Amino acid sequence: MSRSQSGLLVSVNTEADPINKTDVVSEEKLTLEVFRYHPEKDSEPYFQTYEVPFREDWVVLDALNWLKDNEDGTLTYRWSCCMGVCGSCGMMVNGTPKLTCAAFLRDYHPEPIRVEPLENFPVERDLVVDMDSFMEKLQSIKPWILRKDSEEKPLSEGEYKQSPAELATYKQFSMCINCMLCYAACPVAGLEPEFVGPAAIALGMRYNLDSRDQGYEERQEIIASHEAIWQCTFVGECTTVCPKNVDPAGAIQQAKVASTIDWYKSWLMPWGQK
Amino acid sequence: MAKSNEPIVWSLFSAGGVVAAFVVPIHVVMLGIALPLGWIALDYQSLVTLVQNPLSKVYLFVLISLVLFHWAHRFRFTLVDLGLKKLEMLISIVCYVSAVVGTGYSAYALWTM
Amino acid sequence: MSKPYLRPIPFTWWNKNNAYRIFMLREISSVFVALFVLELLCFVLVASKSPENFDKYVEALKSPGWIVFHVVVLGFSLLHSITWFNLTPKVLVVRKGEEKLPDALIAGAHYLAWIVVSIVIWMII
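Note that the structure is predicted; figures quoted are calculated from it, not measured. (Residues numbered from 1 in each chain as written. Chains lettered and ligands numbered in written order. Predicted model: local features only at pLDDT ≥ 70, side-chain atom pairs only at ≥ 80, totals over all residues. Heavy atoms only, no water.)

## Re the interface of chain A and chain C
At step 1: Contact with chain A, which involves 40 residues of that partner, is made by 22 residues of chain C.
At step 2: Approximately 2500 Å² of surface area, both sides summed, lies buried where chain A meets chain C, with 59% of it carried by carbon and sulfur atoms.
At step 3: Here chain A and chain C share 2 salt bridges between them.
At step 4: Here Glu-119 of chain A makes a salt bridge to Lys-16 of chain C, at a shortest N to O gap of 3.7 Å.
At step 5: Scanning the region where chain A abuts chain C turns up 12 residue pairs in polar contact (both at pLDDT 80 or more).
At step 6: Among the elements of the structure, strand S9 (123-125), helix H3 (164-171), helix H4 (181-185), helix H5 (187-191), helix H8 (237-241) and helix H9 (248-268) of chain A are those that each provide at least two residues to the side of chain A that touches chain C.
At step 7: Class assignment for the residues of the side of chain A that touches chain C results in 22 nonpolar, 11 polar and 7 charged. (Contact = heavy atoms within 4.5 Å. Buried area = accessible area lost by both parts, 1.4 Å probe. Salt bridge = Lys/Arg side-chain N within 4 Å of Asp/Glu carboxyl O. Polar contact = N/O pair within 3.5 Å; in protein donor to acceptor, adjacent residues only side chain to side chain. Helix = DSSP H or I, 4+ residues; strand = E, 2+ residues; numbered from the N terminus. Nonpolar A, V, L, I, M, F, W, Y, C, P; charged D, E, K, R; others polar.)

## A closer look at the packing of helix H6 (residues 198-208) of chain A against H9 of chain A
Residues and elements named next belong to chain A.
At step 1: Two numbers describe how H6 lies on H9: the axes approach to 8 Å, and their chain directions differ by 60°. With respect to H9, the axis of H6 lies oblique. Viewed along their axes, H6 and H9 form a crossing whose handedness is left-handed. The residues of H9 that touch H6, namely those facing Pro-198, Ile-201, Ala-202 and Met-205, are Pro-248, Ala-251, Ile-252, Gln-254 and Ala-255.
At step 2: Per-class residue counts for the contact of H6 with H9 are 8 nonpolar, 1 polar and no charged. (Axes fitted to C-alpha atoms, helices over the stretch in contact; angles between N-to-C directions. Parallel < 35°, antiparallel > 145°, perpendicular 65-115°, else oblique. Left-handed = near helix turned anticlockwise from the far one by under 90°.)

## Let's talk about the environment of Tyr-160 of chain A
All names here are of chain A.
At step 1: You can see Tyr-160 is positioned in the loop between helix H2 (132-140) and H3.
At step 2: Note on Tyr-160: relative accessible area 30%, which makes it partly exposed.
At step 3: The spacing of Tyr-160 and Arg-212 is 52 residues in sequence and 6.8 Å in space, taken between C-alpha atoms.
At step 4: Discounting residues that sit within four places of it in the chain, Tyr-160 has contacts with Arg-147, Glu-151, Glu-152, Lys-153 and Arg-212.
At step 5: Within the structure, Tyr-160 has its side chain in polar contact with the side chain of Glu-152 (distance 3.2 Å).
At step 6: There is a polar contact of 3.1 Å between the side chain of Tyr-160 and the backbone nitrogen of Lys-153. (Buried < 20%, exposed > 50% of the residue type's maximum accessible area, 1.4 Å probe, protein only.)

## Let's talk about H2 of chain A
Residues and elements named next belong to chain A.
At step 1: The complete set of buried residues in H2 reads Phe-134, Lys-137 and Leu-138. Projected down its long axis, H2 carries its buried residues within an arc of 100°, all on one side. The outward face of H2, more than 90 degrees from its buried face, is lined by the exposed residues Glu-136 and Gln-139.
At step 2: In this structure, the buried residues of H2 make contact with H4 and H6.
At step 3: One or two steps after H2, the chain reaches Lys-142, where phi turns positive at roughly 55°. (Arc of directions from axis to C-beta.)

## Notes on the packing of aromatic side chains
At step 1: Here the structure, examined in full by the defined rule, presents 19 aromatic pairs over all chains.
At step 2: Their ring planes at 40° and their centres at 6.3 Å tell us that Phe-121 of chain A and Tyr-183 of chain A sit as a pair that is tilted. Here Tyr-183 of chain A lies in helix H4 and Phe-121 of chain A lies in the loop between strand S8 (113-116) and S9, a separation of 62 residues in the sequence. For the pair Phe-121 of chain A and Tyr-183 of chain A, a shared accessibility class is recorded, and that class is buried.
At step 3: An angle of 70° between the planes, with centres 5.0 Å apart, marks the rings of Phe-43 of chain C and Tyr-57 of chain C as edge-to-face. Residue Phe-43 of chain C is found in helix H1 (residues 18-47), and its partner Tyr-57 of chain C is found in helix H2 (residues 51-61); the two are separated by 14 residues along the sequence.
At step 4: Given the relative accessible area of 4%, Phe-43 of chain C is considered buried.
At step 5: Looking at Tyr-57 of chain C, the relative accessible area reads 14%, which means it is buried.
At step 6: An aromatic cluster of three or more residues is present, and its members are Phe-22 of chain B together with Phe-85, Tyr-111 and Trp-114 of chain C. (Phe/Tyr/Trp six-rings, centres within 6.5 Å; stacked < 30°, edge-to-face > 60°.)

See below:
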(Lines give C-alpha, C1' and ligand atoms only; values in the text may rest on other atoms or scores of the structure.)
Protein backbone atom coordinates (compact mmCIF):
# COMPACT_ATOMS: atom_id res chain seq x y z
CA MET A 1 0.00 0.00 0.00
CA SER A 2 1.16 3.52 -0.61
CA ARG A 3 -0.32 6.96 -0.50
CA SER A 4 -1.73 8.70 -3.56
CA GLN A 5 -1.19 12.40 -4.22
CA SER A 6 -4.19 13.33 -2.12
CA GLY A 7 -2.79 11.36 0.78
CA LEU A 8 -5.30 8.53 0.69
CA LEU A 9 -4.31 4.92 0.98
CA VAL A 10 -4.69 3.20 -2.35
CA SER A 11 -3.87 -0.29 -3.43
CA VAL A 12 -0.74 -0.53 -5.57
CA ASN A 13 0.06 -2.97 -8.33
CA THR A 14 3.39 -4.59 -7.62
CA GLU A 15 4.13 -4.51 -11.37
CA ALA A 16 5.57 -1.11 -12.09
CA ASP A 17 4.82 0.73 -15.30
CA PRO A 18 8.14 0.19 -17.15
CA ILE A 19 7.58 2.93 -19.74
CA ASN A 20 6.71 5.76 -17.37
CA LYS A 21 8.77 4.27 -14.55
CA THR A 22 6.01 4.73 -11.93
CA ASP A 23 3.94 2.38 -9.78
CA VAL A 24 0.55 1.75 -11.36
CA VAL A 25 -2.09 2.76 -8.87
CA SER A 26 -5.56 1.21 -9.16
CA GLU A 27 -8.37 3.13 -7.62
CA GLU A 28 -11.95 2.24 -6.97
CA LYS A 29 -14.40 3.88 -9.27
CA LEU A 30 -18.01 4.94 -9.10
CA THR A 31 -20.50 5.50 -11.90
CA LEU A 32 -22.27 8.82 -12.24
CA GLU A 33 -25.29 9.19 -14.55
CA VAL A 34 -25.58 12.90 -15.18
CA PHE A 35 -28.56 14.73 -16.70
CA ARG A 36 -27.44 16.77 -19.71
CA TYR A 37 -29.34 19.39 -21.63
CA HIS A 38 -28.05 21.95 -24.12
CA PRO A 39 -30.79 24.37 -25.18
CA GLU A 40 -28.87 25.40 -28.30
CA LYS A 41 -28.73 21.92 -29.75
CA ASP A 42 -30.93 19.50 -27.78
CA SER A 43 -34.68 19.19 -28.09
CA GLU A 44 -34.70 16.65 -25.24
CA PRO A 45 -32.39 16.07 -22.30
CA TYR A 46 -30.37 12.85 -21.98
CA PHE A 47 -28.16 11.10 -19.44
CA GLN A 48 -24.41 10.84 -19.83
CA THR A 49 -22.54 8.15 -17.91
CA TYR A 50 -19.13 8.83 -16.38
CA GLU A 51 -16.70 6.94 -14.19
CA VAL A 52 -15.33 9.02 -11.33
CA PRO A 53 -12.73 8.07 -8.73
CA PHE A 54 -14.29 6.87 -5.51
CA ARG A 55 -12.79 8.59 -2.50
CA GLU A 56 -14.05 7.94 1.02
CA ASP A 57 -14.27 11.62 1.86
CA TRP A 58 -15.75 12.85 -1.42
CA VAL A 59 -19.21 14.26 -1.87
CA VAL A 60 -21.17 14.33 -5.12
CA LEU A 61 -20.03 17.91 -5.66
CA ASP A 62 -16.39 16.76 -5.53
CA ALA A 63 -17.19 14.17 -8.20
CA LEU A 64 -18.86 16.82 -10.40
CA ASN A 65 -15.89 19.14 -9.98
CA TRP A 66 -13.51 16.29 -10.88
CA LEU A 67 -15.62 15.58 -13.99
CA LYS A 68 -15.56 19.20 -15.04
CA ASP A 69 -11.81 19.45 -14.48
CA ASN A 70 -10.82 16.14 -16.07
CA GLU A 71 -13.52 14.74 -18.34
CA ASP A 72 -16.02 17.30 -19.57
CA GLY A 73 -15.49 21.00 -19.15
CA THR A 74 -18.94 21.74 -20.57
CA LEU A 75 -20.74 20.29 -17.55
CA THR A 76 -22.76 23.15 -16.05
CA TYR A 77 -23.95 23.38 -12.44
CA ARG A 78 -24.19 25.79 -9.50
CA TRP A 79 -22.05 25.52 -6.38
CA SER A 80 -20.16 27.73 -3.97
CA CYS A 81 -19.38 27.18 -0.29
CA CYS A 82 -19.10 23.35 -0.20
CA MET A 83 -20.28 23.45 3.40
CA GLY A 84 -24.07 23.61 3.39
CA VAL A 85 -24.60 27.31 4.05
CA CYS A 86 -24.95 28.96 0.65
CA GLY A 87 -27.77 26.83 -0.76
CA SER A 88 -26.33 26.81 -4.31
CA CYS A 89 -25.61 23.15 -5.00
CA GLY A 90 -29.06 21.57 -4.63
CA MET A 91 -29.73 18.73 -7.10
CA MET A 92 -31.65 15.45 -7.30
CA VAL A 93 -29.34 12.63 -6.18
CA ASN A 94 -30.96 9.25 -6.96
CA GLY A 95 -34.32 10.98 -7.03
CA THR A 96 -33.96 12.75 -3.68
CA PRO A 97 -33.32 16.50 -3.42
CA LYS A 98 -29.98 16.99 -1.70
CA LEU A 99 -27.18 19.50 -1.32
CA THR A 100 -24.49 17.85 -3.40
CA CYS A 101 -21.88 19.16 -0.96
CA ALA A 102 -23.55 17.04 1.71
CA ALA A 103 -24.17 13.84 -0.26
CA PHE A 104 -21.25 11.50 0.38
CA LEU A 105 -20.21 9.06 -2.36
CA ARG A 106 -19.58 6.38 0.25
CA ASP A 107 -23.29 6.31 1.10
CA TYR A 108 -24.09 5.20 -2.47
CA HIS A 109 -20.98 3.23 -3.46
CA PRO A 110 -20.78 0.81 -5.22
CA GLU A 111 -24.18 1.58 -6.81
CA PRO A 112 -24.26 4.21 -9.57
CA ILE A 113 -25.45 7.70 -8.67
CA ARG A 114 -27.96 9.55 -10.83
CA VAL A 115 -27.61 13.33 -10.68
CA GLU A 116 -30.42 15.51 -12.04
CA PRO A 117 -31.46 19.16 -11.74
CA LEU A 118 -33.90 20.05 -8.94
CA GLU A 119 -37.39 18.73 -9.67
CA ASN A 120 -40.31 21.06 -10.35
CA PHE A 121 -38.18 23.77 -11.96
CA PRO A 122 -37.53 24.38 -15.67
CA VAL A 123 -34.03 23.31 -16.71
CA GLU A 124 -31.80 26.00 -18.19
CA ARG A 125 -28.80 23.82 -19.02
CA ASP A 126 -27.48 20.53 -17.61
CA LEU A 127 -27.96 20.75 -13.83
CA VAL A 128 -28.94 24.42 -13.69
CA VAL A 129 -32.61 25.32 -13.11
CA ASP A 130 -34.49 28.53 -13.73
CA MET A 131 -35.12 29.90 -10.25
CA ASP A 132 -36.92 33.13 -11.21
CA SER A 133 -40.29 31.89 -9.94
CA PHE A 134 -38.71 31.05 -6.58
CA MET A 135 -37.17 34.51 -6.27
CA GLU A 136 -40.51 36.13 -7.09
CA LYS A 137 -42.34 34.02 -4.53
CA LEU A 138 -39.81 34.92 -1.83
CA GLN A 139 -40.24 38.62 -2.56
CA SER A 140 -44.02 38.39 -2.67
CA ILE A 141 -44.33 37.75 1.06
CA LYS A 142 -42.32 40.91 1.88
CA PRO A 143 -39.35 39.37 3.70
CA TRP A 144 -38.38 42.46 5.73
CA ILE A 145 -39.49 44.09 8.97
CA LEU A 146 -42.64 46.07 8.26
CA ARG A 147 -43.49 48.88 10.65
CA LYS A 148 -46.50 51.13 10.76
CA ASP A 149 -45.03 54.58 10.11
CA SER A 150 -47.17 56.24 12.73
CA GLU A 151 -45.64 54.05 15.44
CA GLU A 152 -41.96 54.59 14.68
CA LYS A 153 -39.98 55.75 17.68
CA PRO A 154 -37.20 58.31 17.19
CA LEU A 155 -33.58 57.19 17.00
CA SER A 156 -32.83 58.89 20.30
CA GLU A 157 -35.03 56.37 22.10
CA GLY A 158 -32.69 53.57 21.09
CA GLU A 159 -33.13 50.27 19.31
CA TYR A 160 -36.11 47.91 19.35
CA LYS A 161 -35.22 45.28 21.92
CA GLN A 162 -35.99 41.60 21.62
CA SER A 163 -35.72 39.00 24.36
CA PRO A 164 -34.25 35.53 23.79
CA ALA A 165 -37.76 34.08 24.16
CA GLU A 166 -39.08 36.42 21.46
CA LEU A 167 -36.21 35.39 19.22
CA ALA A 168 -36.95 31.73 19.86
CA THR A 169 -40.47 32.02 18.42
CA TYR A 170 -39.18 32.63 14.90
CA LYS A 171 -35.53 31.56 14.93
CA GLN A 172 -36.08 28.16 13.36
CA PHE A 173 -37.85 29.72 10.37
CA SER A 174 -34.99 32.18 9.90
CA MET A 175 -32.45 29.44 9.17
CA CYS A 176 -33.48 28.98 5.54
CA ILE A 177 -30.61 29.10 3.03
CA ASN A 178 -32.90 29.30 -0.01
CA CYS A 179 -31.61 26.03 -1.43
CA MET A 180 -35.01 25.13 -2.95
CA LEU A 181 -34.80 21.45 -1.92
CA CYS A 182 -38.25 21.86 -0.35
CA TYR A 183 -39.77 22.96 -3.66
CA ALA A 184 -38.16 19.96 -5.36
CA ALA A 185 -39.64 17.64 -2.74
CA CYS A 186 -43.14 19.12 -2.76
CA PRO A 187 -45.59 17.48 -5.18
CA VAL A 188 -47.83 20.54 -5.08
CA ALA A 189 -44.93 22.77 -6.18
CA GLY A 190 -44.70 20.61 -9.28
CA LEU A 191 -48.41 20.24 -9.93
CA GLU A 192 -49.36 23.88 -9.26
CA PRO A 193 -46.76 26.33 -10.63
CA GLU A 194 -48.34 29.27 -8.80
CA PHE A 195 -48.03 27.60 -5.36
CA VAL A 196 -46.13 30.10 -3.22
CA GLY A 197 -44.34 27.18 -1.58
CA PRO A 198 -42.67 26.05 1.64
CA ALA A 199 -39.60 28.33 1.83
CA ALA A 200 -41.51 31.50 1.01
CA ILE A 201 -44.28 30.78 3.52
CA ALA A 202 -41.79 29.82 6.22
CA LEU A 203 -39.97 33.08 5.54
CA GLY A 204 -43.26 34.96 5.82
CA MET A 205 -43.88 33.27 9.18
CA ARG A 206 -40.35 34.25 10.26
CA TYR A 207 -41.36 37.88 9.92
CA ASN A 208 -44.91 37.46 11.18
CA LEU A 209 -43.58 35.93 14.40
CA ASP A 210 -40.83 38.53 14.82
CA SER A 211 -41.80 40.79 17.74
CA ARG A 212 -40.39 43.82 15.93
CA ASP A 213 -42.60 43.29 12.88
CA GLN A 214 -46.03 44.85 12.32
CA GLY A 215 -46.69 43.50 8.85
CA TYR A 216 -48.90 40.49 9.65
CA GLU A 217 -52.04 41.87 7.98
CA GLU A 218 -50.13 42.99 4.90
CA ARG A 219 -48.50 39.59 4.50
CA GLN A 220 -51.76 37.76 5.07
CA GLU A 221 -52.99 39.04 1.70
CA ILE A 222 -50.48 36.66 0.13
CA ILE A 223 -50.02 34.00 2.81
CA ALA A 224 -53.72 33.42 3.45
CA SER A 225 -54.54 33.28 -0.24
CA HIS A 226 -55.47 30.13 -2.12
CA GLU A 227 -52.09 30.05 -3.89
CA ALA A 228 -50.22 29.96 -0.59
CA ILE A 229 -51.08 28.00 2.54
CA TRP A 230 -54.37 26.67 1.27
CA GLN A 231 -52.85 24.71 -1.57
CA CYS A 232 -50.63 22.79 0.83
CA THR A 233 -51.86 19.28 1.62
CA PHE A 234 -49.29 18.63 4.37
CA VAL A 235 -47.33 15.95 2.55
CA GLY A 236 -44.46 16.96 4.84
CA GLU A 237 -41.60 16.12 2.46
CA CYS A 238 -40.40 19.73 2.48
CA THR A 239 -39.49 19.37 6.15
CA THR A 240 -37.93 15.95 5.58
CA VAL A 241 -35.46 17.19 2.94
CA CYS A 242 -34.63 20.55 4.52
CA PRO A 243 -30.88 20.59 5.33
CA LYS A 244 -31.27 23.33 7.97
CA ASN A 245 -34.25 21.97 9.97
CA VAL A 246 -36.41 24.96 9.12
CA ASP A 247 -39.57 22.79 9.22
CA PRO A 248 -41.53 24.69 6.55
CA ALA A 249 -44.41 22.20 6.87
CA GLY A 250 -44.80 23.23 10.50
CA ALA A 251 -44.71 26.91 9.51
CA ILE A 252 -47.47 26.36 6.97
CA GLN A 253 -49.72 24.43 9.35
CA GLN A 254 -49.27 27.09 12.05
CA ALA A 255 -50.16 29.70 9.43
CA LYS A 256 -53.31 27.73 8.58
CA VAL A 257 -54.39 27.71 12.23
CA ALA A 258 -53.64 31.42 12.65
CA SER A 259 -55.45 32.31 9.42
CA THR A 260 -58.46 30.20 10.39
CA ILE A 261 -58.71 31.87 13.79
CA ASP A 262 -58.48 35.26 12.04
CA TRP A 263 -61.18 34.27 9.62
CA TYR A 264 -63.61 33.23 12.33
CA LYS A 265 -62.82 36.37 14.31
CA SER A 266 -63.51 38.55 11.30
CA TRP A 267 -66.94 36.96 10.85
CA LEU A 268 -67.94 36.57 14.48
CA MET A 269 -66.36 39.71 15.90
CA PRO A 270 -66.13 42.20 13.04
CA TRP A 271 -65.90 45.14 15.42
CA GLY A 272 -62.37 44.10 16.28
CA GLN A 273 -61.06 44.89 12.79
CA LYS A 274 -58.61 47.72 12.22
CA MET B 1 -54.21 37.12 -4.56
CA ALA B 2 -56.74 37.85 -1.87
CA LYS B 3 -57.39 36.12 1.41
CA SER B 4 -59.19 32.90 0.75
CA ASN B 5 -62.37 31.55 2.34
CA GLU B 6 -60.76 28.14 2.69
CA PRO B 7 -60.73 28.41 6.52
CA ILE B 8 -64.38 27.40 6.74
CA VAL B 9 -63.86 24.08 4.98
CA TRP B 10 -60.43 23.57 6.49
CA SER B 11 -61.76 23.92 10.02
CA LEU B 12 -64.48 21.37 9.26
CA PHE B 13 -61.83 19.10 7.75
CA SER B 14 -59.66 19.46 10.84
CA ALA B 15 -62.51 18.84 13.25
CA GLY B 16 -63.50 15.78 11.23
CA GLY B 17 -59.94 14.55 11.25
CA VAL B 18 -59.65 14.89 15.01
CA VAL B 19 -62.94 13.12 15.67
CA ALA B 20 -62.17 10.37 13.16
CA ALA B 21 -58.70 9.83 14.62
CA PHE B 22 -60.01 9.40 18.16
CA VAL B 23 -63.16 7.32 17.73
CA VAL B 24 -63.37 5.61 14.34
CA PRO B 25 -60.87 2.78 14.99
CA ILE B 26 -62.66 1.57 18.12
CA HIS B 27 -66.03 1.74 16.38
CA VAL B 28 -64.67 -0.30 13.46
CA VAL B 29 -63.36 -2.92 15.88
CA MET B 30 -66.64 -3.03 17.73
CA LEU B 31 -69.03 -3.09 14.80
CA GLY B 32 -66.97 -4.97 12.26
CA ILE B 33 -65.09 -7.49 14.39
CA ALA B 34 -66.20 -7.67 18.02
CA LEU B 35 -69.93 -7.80 17.34
CA PRO B 36 -69.96 -10.52 14.65
CA LEU B 37 -67.38 -12.56 16.56
CA GLY B 38 -69.42 -12.32 19.73
CA TRP B 39 -66.83 -10.50 21.82
CA ILE B 40 -69.40 -7.97 23.06
CA ALA B 41 -72.77 -8.82 24.50
CA LEU B 42 -74.95 -6.38 22.58
CA ASP B 43 -78.51 -7.45 22.05
CA TYR B 44 -81.42 -5.76 20.28
CA GLN B 45 -82.88 -4.17 23.40
CA SER B 46 -79.63 -2.62 24.60
CA LEU B 47 -78.92 -1.27 21.10
CA VAL B 48 -82.34 0.40 21.02
CA THR B 49 -81.88 1.89 24.49
CA LEU B 50 -78.44 3.15 23.51
CA VAL B 51 -79.33 4.75 20.20
CA GLN B 52 -82.66 6.22 21.24
CA ASN B 53 -80.80 8.30 23.83
CA PRO B 54 -80.64 11.90 22.53
CA LEU B 55 -76.97 12.13 23.49
CA SER B 56 -76.20 9.17 21.25
CA LYS B 57 -78.06 10.82 18.39
CA VAL B 58 -76.11 14.03 18.82
CA TYR B 59 -72.86 12.09 19.05
CA LEU B 60 -73.62 10.14 15.88
CA PHE B 61 -74.73 13.27 14.04
CA VAL B 62 -71.56 15.16 14.93
CA LEU B 63 -69.37 12.16 14.08
CA ILE B 64 -70.99 11.51 10.71
CA SER B 65 -71.21 15.13 9.64
CA LEU B 66 -67.63 16.07 10.54
CA VAL B 67 -66.19 12.91 8.97
CA LEU B 68 -68.10 13.61 5.75
CA PHE B 69 -66.63 17.12 5.59
CA HIS B 70 -63.20 15.70 6.36
CA TRP B 71 -63.59 13.31 3.43
CA ALA B 72 -64.96 16.02 1.12
CA HIS B 73 -61.98 18.34 1.65
CA ARG B 74 -59.34 15.63 1.46
CA PHE B 75 -60.91 13.93 -1.55
CA ARG B 76 -61.21 17.23 -3.41
CA PHE B 77 -57.46 17.87 -3.03
CA THR B 78 -56.61 14.27 -3.90
CA LEU B 79 -58.52 14.47 -7.19
CA VAL B 80 -57.01 17.85 -8.01
CA ASP B 81 -53.50 16.55 -7.27
CA LEU B 82 -54.15 13.57 -9.54
CA GLY B 83 -54.38 15.91 -12.49
CA LEU B 84 -57.97 17.16 -12.39
CA LYS B 85 -57.02 20.75 -11.54
CA LYS B 86 -59.17 22.09 -14.38
CA LEU B 87 -62.24 20.56 -12.76
CA GLU B 88 -61.46 21.91 -9.29
CA MET B 89 -64.58 24.07 -9.04
CA LEU B 90 -66.85 21.22 -10.09
CA ILE B 91 -65.08 18.69 -7.84
CA SER B 92 -65.29 21.05 -4.86
CA ILE B 93 -68.99 21.64 -5.36
CA VAL B 94 -69.75 17.92 -5.70
CA CYS B 95 -67.69 17.01 -2.63
CA TYR B 96 -68.93 19.71 -0.26
CA VAL B 97 -72.54 19.45 -1.39
CA SER B 98 -72.38 15.68 -0.84
CA ALA B 99 -71.16 16.34 2.70
CA VAL B 100 -74.00 18.81 3.26
CA VAL B 101 -76.56 16.35 1.89
CA GLY B 102 -75.13 13.58 4.06
CA THR B 103 -75.26 15.86 7.07
CA GLY B 104 -78.85 16.81 6.35
CA TYR B 105 -79.94 13.24 5.76
CA SER B 106 -78.34 11.92 8.95
CA ALA B 107 -79.92 14.75 10.96
CA TYR B 108 -83.33 13.87 9.54
CA ALA B 109 -82.88 10.11 9.90
CA LEU B 110 -81.57 10.30 13.46
CA TRP B 111 -84.29 12.73 14.48
CA THR B 112 -87.11 10.57 13.11
CA MET B 113 -85.62 7.26 14.25
CA MET C 1 -30.21 31.39 -26.10
CA SER C 2 -32.63 30.24 -23.45
CA LYS C 3 -34.99 27.38 -24.09
CA PRO C 4 -35.84 26.05 -20.63
CA TYR C 5 -36.91 22.41 -20.55
CA LEU C 6 -40.04 21.59 -18.53
CA ARG C 7 -40.00 18.04 -17.23
CA PRO C 8 -43.54 16.67 -17.37
CA ILE C 9 -45.08 15.38 -14.15
CA PRO C 10 -46.57 11.91 -14.62
CA PHE C 11 -50.00 10.95 -13.32
CA THR C 12 -48.21 8.37 -11.16
CA TRP C 13 -46.08 10.97 -9.34
CA TRP C 14 -47.37 9.62 -6.01
CA ASN C 15 -45.69 6.28 -6.66
CA LYS C 16 -42.23 7.81 -6.95
CA ASN C 17 -41.10 7.10 -3.38
CA ASN C 18 -42.31 5.70 -0.06
CA ALA C 19 -43.19 9.04 1.44
CA TYR C 20 -45.47 9.92 -1.48
CA ARG C 21 -47.08 6.46 -1.45
CA ILE C 22 -47.90 6.65 2.25
CA PHE C 23 -49.20 10.19 1.71
CA MET C 24 -51.57 8.98 -1.01
CA LEU C 25 -52.74 6.06 1.16
CA ARG C 26 -53.34 8.53 3.98
CA GLU C 27 -55.49 10.68 1.70
CA ILE C 28 -57.43 7.66 0.41
CA SER C 29 -58.08 6.60 4.03
CA SER C 30 -60.63 9.41 4.22
CA VAL C 31 -62.81 7.52 1.72
CA PHE C 32 -62.89 4.39 3.85
CA VAL C 33 -63.44 6.31 7.07
CA ALA C 34 -66.39 8.14 5.48
CA LEU C 35 -67.82 4.90 4.11
CA PHE C 36 -67.61 3.42 7.59
CA VAL C 37 -69.47 6.22 9.36
CA LEU C 38 -72.21 5.93 6.76
CA GLU C 39 -72.31 2.20 7.50
CA LEU C 40 -72.52 2.99 11.21
CA LEU C 41 -75.54 5.22 10.50
CA CYS C 42 -77.07 2.45 8.44
CA PHE C 43 -76.52 -0.06 11.25
CA VAL C 44 -78.10 2.24 13.83
CA LEU C 45 -81.10 2.98 11.63
CA VAL C 46 -81.72 -0.56 10.34
CA ALA C 47 -80.73 -2.81 13.22
CA SER C 48 -82.70 -0.86 15.80
CA LYS C 49 -85.95 -1.16 13.82
CA SER C 50 -86.77 -4.73 14.78
CA PRO C 51 -85.17 -7.77 16.43
CA GLU C 52 -85.29 -9.57 13.06
CA ASN C 53 -83.36 -6.74 11.40
CA PHE C 54 -80.82 -6.81 14.22
CA ASP C 55 -80.23 -10.55 13.90
CA LYS C 56 -80.02 -10.39 10.11
CA TYR C 57 -77.52 -7.53 10.30
CA VAL C 58 -75.26 -9.34 12.78
CA GLU C 59 -75.43 -12.48 10.67
CA ALA C 60 -74.42 -10.53 7.57
CA LEU C 61 -71.50 -9.00 9.47
CA LYS C 62 -70.12 -12.48 10.06
CA SER C 63 -69.63 -13.16 6.35
CA PRO C 64 -65.99 -13.27 5.20
CA GLY C 65 -66.61 -10.41 2.77
CA TRP C 66 -67.72 -8.03 5.50
CA ILE C 67 -64.99 -9.13 7.90
CA VAL C 68 -62.36 -8.48 5.24
CA PHE C 69 -63.94 -5.12 4.47
CA HIS C 70 -63.83 -4.13 8.12
CA VAL C 71 -60.23 -5.24 8.49
CA VAL C 72 -59.33 -3.04 5.51
CA VAL C 73 -61.32 -0.14 6.98
CA LEU C 74 -59.58 -0.70 10.32
CA GLY C 75 -56.21 -0.55 8.58
CA PHE C 76 -57.06 2.73 6.91
CA SER C 77 -58.56 4.24 10.06
CA LEU C 78 -55.42 3.32 12.02
CA LEU C 79 -53.29 4.89 9.28
CA HIS C 80 -55.38 8.04 9.61
CA SER C 81 -55.13 8.13 13.41
CA ILE C 82 -51.40 7.44 13.55
CA THR C 83 -50.46 9.94 10.83
CA TRP C 84 -52.81 12.51 12.35
CA PHE C 85 -51.45 12.23 15.90
CA ASN C 86 -47.86 12.22 14.67
CA LEU C 87 -48.45 15.54 12.92
CA THR C 88 -49.99 17.29 15.94
CA PRO C 89 -46.62 18.60 17.26
CA LYS C 90 -46.20 20.56 14.03
CA VAL C 91 -49.48 22.36 14.60
CA LEU C 92 -49.60 22.69 18.38
CA VAL C 93 -46.49 24.58 19.34
CA VAL C 94 -46.44 25.27 23.08
CA ARG C 95 -43.67 27.58 24.21
CA LYS C 96 -42.31 28.20 27.68
CA GLY C 97 -39.81 31.03 27.40
CA GLU C 98 -37.11 29.91 25.00
CA GLU C 99 -38.08 26.25 25.14
CA LYS C 100 -40.97 24.49 23.51
CA LEU C 101 -42.69 21.32 24.64
CA PRO C 102 -41.06 18.29 23.01
CA ASP C 103 -42.78 16.71 20.01
CA ALA C 104 -43.05 13.32 21.71
CA LEU C 105 -45.01 14.88 24.57
CA ILE C 106 -47.58 16.47 22.29
CA ALA C 107 -48.06 13.37 20.17
CA GLY C 108 -47.89 11.13 23.24
CA ALA C 109 -50.66 13.07 24.95
CA HIS C 110 -52.88 12.48 21.92
CA TYR C 111 -52.10 8.75 21.87
CA LEU C 112 -52.94 8.53 25.55
CA ALA C 113 -56.23 10.35 25.03
CA TRP C 114 -56.94 8.01 22.13
CA ILE C 115 -56.54 4.95 24.34
CA VAL C 116 -58.70 6.48 27.08
CA VAL C 117 -61.47 7.46 24.66
CA SER C 118 -61.44 4.01 23.06
CA ILE C 119 -61.74 2.32 26.43
CA VAL C 120 -64.58 4.63 27.45
CA ILE C 121 -66.50 3.91 24.26
CA TRP C 122 -65.95 0.16 24.67
CA MET C 123 -67.28 0.35 28.23
CA ILE C 124 -70.35 2.33 27.23
CA ILE C 125 -71.28 -0.25 24.64
